[in-house]
Amino acid sequence: MAGSNKVFLDFGTNKFQGVEAIYKREKMNETWDVYTFEPNKLLRDWGVNVKPTVEKRINNTITQYPYGIWNENTTKTFSSPAHTDNETGGGHVTEIGEQYRQNSVPIRHCDYRQEIELRDVKEIIERHKGSEIVIKMDIEGSEYTVIDRILECDLGQYIKTFYIEYHARLFVNQAEMQKKQEQQIQDLRQTSNVHLWH
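About the cut-offs
Residues numbered from 1 in each chain as written. Predicted model: local features only at pLDDT ≥ 70, side-chain atom pairs only at ≥ 80, totals over all residues. Heavy atoms only, no water. Pairing = 2+ DSSP bridges. Helix = DSSP H or I, 4+ residues; strand = E, 2+ residues; numbered from the N terminus. Axes fitted to C-alpha atoms, helices over the stretch in contact; angles between N-to-C directions.

**Regarding the sheet that holds strand E2 (residues 33–37)**
- With respect to topology, six strands assemble into an open sheet ordered E3-E2-E1-E8-E9-E10, the strand pairing being parallel. Of all strands in the sheet, those bounded by a partner on one side alone are strand E3 (62–65) and strand E10 (193–196). For this sheet, the mean inter-axis angle between neighbouring strands, taken without regard to orientation, is 15 degrees.
- Two strands pair when backbone bridges link them, and strand E9 (residues 159–164) and E10 are joined in this way by four bridges, in the parallel orientation. For Tyr163, the partnering residue across the bridge sits in E10 and is His195.

Next up, the structure:
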């Protein structure tokens, strides 16, 4: 996985929307290595025919990994919509969803279960230290766990720019998660450029 001096890590690739948007925003080119991480097999299977089109539009090769991001290497149950054409997101780690409000969109629509692989964010970032790293993270509530890991391991020093979609709105304890989000952003901004992603 290591190689280039410029690396784009897309955590929670879904349907490649973030790849094209961040690529353009950051003015990336073929000198960048692009890695995508999507644990949802339904979305990966759907994306087989989409990936070549996206690669052509960005004029670069995308390397895909079939796992999600966590604070350790493990496997967990994942909840998602049963159909990839459902505009409800790519799914979430089931134990995270257990903390969601019962009337939230993911709870109403994510009734399909699969076992997924999760990889330690520390290993992934350390593999690229010394490179210019840009990260997009849209992982449906797991961002709190992953960013805690980034902060406790002082990994922010390796990340130039960080685009994060937070999902406090989904949680029962929304106010508490919002407060945690604000603290995480403040801590990350000590070392990285941080942008909220939607």
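**Topic: the sheet that holds strand E7 (residues 112–120)**
- Taken in spatial order, the four strands of this open sheet run E4-E7-E5-E6, and their pairing is mixed. Only two strands of the sheet have a single partner each, and these edge strands are strand E4 (68–70) and strand E6 (92–93).
- Direction of pairing for E4 relative to E7: parallel, over a ladder of three bridges. Within E7, the residue paired with Trp70 across the bridge is Asp120.

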